[in-house]
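Residue strings, one per chain:
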Amino acid sequence: FKAGQVFETPARTVTEADVGAFAGLSGDYDSLHTDAEFCAKTPFKQRIAHGMLGMSIMTGLAARTGMLDGSSRAFLGIEDWKFQKPIFFGDTIHARTTIADVRPSSKPGQGVVKRRIEIVNQRGEVTQAGTFVTLVRARP
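Model, not experiment: these values are computed from the prediction. Numbers given for residues are sequential positions, taken from 1 along each chain in its written order. Whole-chain, interface and lining totals are the exception, using all residues; otherwise, since this is a predicted model, local features are given only for residues with pLDDT of at least 70 and side-chain atom pairs are given and counted only at 80 or more. Computation of side-chain values: all heavy atoms of the structure, hydrogens and water removed.

Student: Quick rundown of the overall build of the protein chain? Include the residues and the values.
Tutor: Looking only at helices and strands, one finds four helices and six strands in the protein chain. Reading the protein chain from its N end, one meets helices and strands in the order β-β-α-α-α-α-β-β-β-β. Relative accessibility decides the category of a residue: with a 1.4 Å probe and only protein chains considered, values under 20% of the type maximum give buried, values over 50% give exposed, and everything between is partly exposed. Taken over 140 residues, the protein chain has a buried fraction of 37%. In the protein chain, of all internal contacts separated by at least 6 residues, the share reaching a separation of at least 24 is 69%. Total accessible area on the protein chain is roughly 7,700 Å²; 54% of this is exposed by carbon and sulfur atoms. Labels follow the DSSP assignment, with helices taken as runs of H or I lasting at least four residues and strands as runs of E lasting at least two, numbered in each case from the N terminus. Every residue pair with non-hydrogen atoms within 4.5 Å of one another is taken to be in contact. Values of accessible area rely on a 1.4 Å probe in the Shrake-Rupley scheme; residue burial ignores everything except the protein chains shown.

Student: Could you give me a rundown of the pairing of strand S4 (residues 92-104), with the residues and numbers involved?
Tutor: In this analysis, strands are considered paired if DSSP registers two or more bridges between them. With three bridges connecting them, strand S1 (residues 6-8) and S4 associate as antiparallel partners. Each residue of the ladder has a partner; that of Glu-8, found in S4, is Arg-96. Here strand S2 (residues 12-13) runs beside S4; their pairing, made up of two bridges, is antiparallel. Bridge assignment links Arg-12 to a residue of S4, and that residue is Ile-93. Examined bridge by bridge, S4 and strand S5 (residues 110-120) share 10 bridges and lie antiparallel to one another. Paired with Asp-101 across the bridge in S5 is Lys-114. The hairpin turn running from S4 into S5, its antiparallel successor, is five residues long, and Gly-109 in that turn takes a positive phi close to 80°.

Student: Residues and numbers for the nonpolar core, please.
Tutor: Core analysis: the biggest nonpolar cluster contains 17 residues, and Val-14, Leu-53, Met-58 and Trp-81 have the highest contact counts within it. Broken down by secondary-structure element, the contributors of at least two residues to this core are helix H1 (16-26), helix H4 (51-63), S4 and S5. Considering each element in turn, this core owes the most residues, five residues, to H4. Judged by nonpolar contacts, the second largest core, of five residues, contains Met-67, Leu-68, Ile-99 and Val-136. By nonpolar core is meant a set of buried Ala, Val, Leu, Ile, Met, Phe, Trp, Tyr and Cys residues that side-chain atoms within 4.5 Å join together.

Student: Could you give an account of the packing of aromatic side chains, with specific residues and numbers?
Tutor: A pair of aromatic rings is counted whenever rings of Phe, Tyr or Trp (Trp by its six-membered ring) have centres within 6.5 Å, and the orientation is called stacked for planes under 30 degrees apart, edge-to-face for over 60 and tilted otherwise. Within the structure shown, the criterion is met by three aromatic pairs. Judged by centre distance (5.0 Å) and plane angle (50°), the rings of Phe-75 and Phe-132 are tilted. You can see Phe-75 sitting in strand S3 (residues 72-83) and its partner Phe-132 sitting in strand S6 (residues 126-137), a full 57 residues away along the chain.

Student: Tell me about the packing of H1 against H4, residues and numbers included.
Tutor: Relative to each other, H1 and H4 sit at 105°, their axes nearing to 10 Å. Relative to H4, the element H1 is oriented roughly perpendicular. Touching Asp-18, Val-19 and Phe-22 of H1 are Met-52, Leu-53 and Ser-56, all from H4. For the contact of H1 with H4, the class distribution of residues is four nonpolar, one polar and one charged. Helix axes are fitted only over the stretch in contact, all axes being lines through C-alpha atoms; the angle between N-to-C directions runs from 0 to 180 degrees. Just so you know how the angles are binned, under 35 degrees is roughly parallel, over 145 roughly antiparallel, 65 to 115 roughly perpendicular, and the rest oblique. Amino acids are sorted into nonpolar (Ala, Val, Leu, Ile, Met, Phe, Trp, Tyr, Cys and Pro), charged (Asp, Glu, Lys and Arg) and polar (every other residue, Gly among them).

Student: Tell me what's going on with the environment of Ile-78, and back it up with residues and numbers.
Tutor: When you line up the elements, Ile-78 lands in strand S3. For the pair formed by Ile-78 and Asp-91, sequence separation is 13 residues and the distance between their alpha carbons is 24 Å. Look past the residues within four positions of Ile-78 in its chain and what remains in contact with it is Met-55, Thr-131 and Phe-132.

This is the structure we're talking about:
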């Protein structure tokens, strides 16, 4: 990896079934995600996907790029993640990853990669963004 490299993931449409499955898995049945009548009275005017569902979908889309295949050693953390806009049912999202920083780790043969990730909807709006920090196998 080199700082400045950019990777684009494939896109995926967020469905009502996705939101229902995530609510069941997480136990988060908040009205913002599950009650159309309630949501009609909110500033969003419709149900929205869980923020963590958007992030979860993004991790799957990023895996499809193969950028970390065979090299990922540990997920170290998330820095400065922001939920900027809602993801609505029917939105099609993809992720844009920019390599922000690459450095050797304290352990031989490993490095730390900081990836600035933006989740982008079909309107070109960034819905979520932040930095993922990953320990990877490094070339000699």
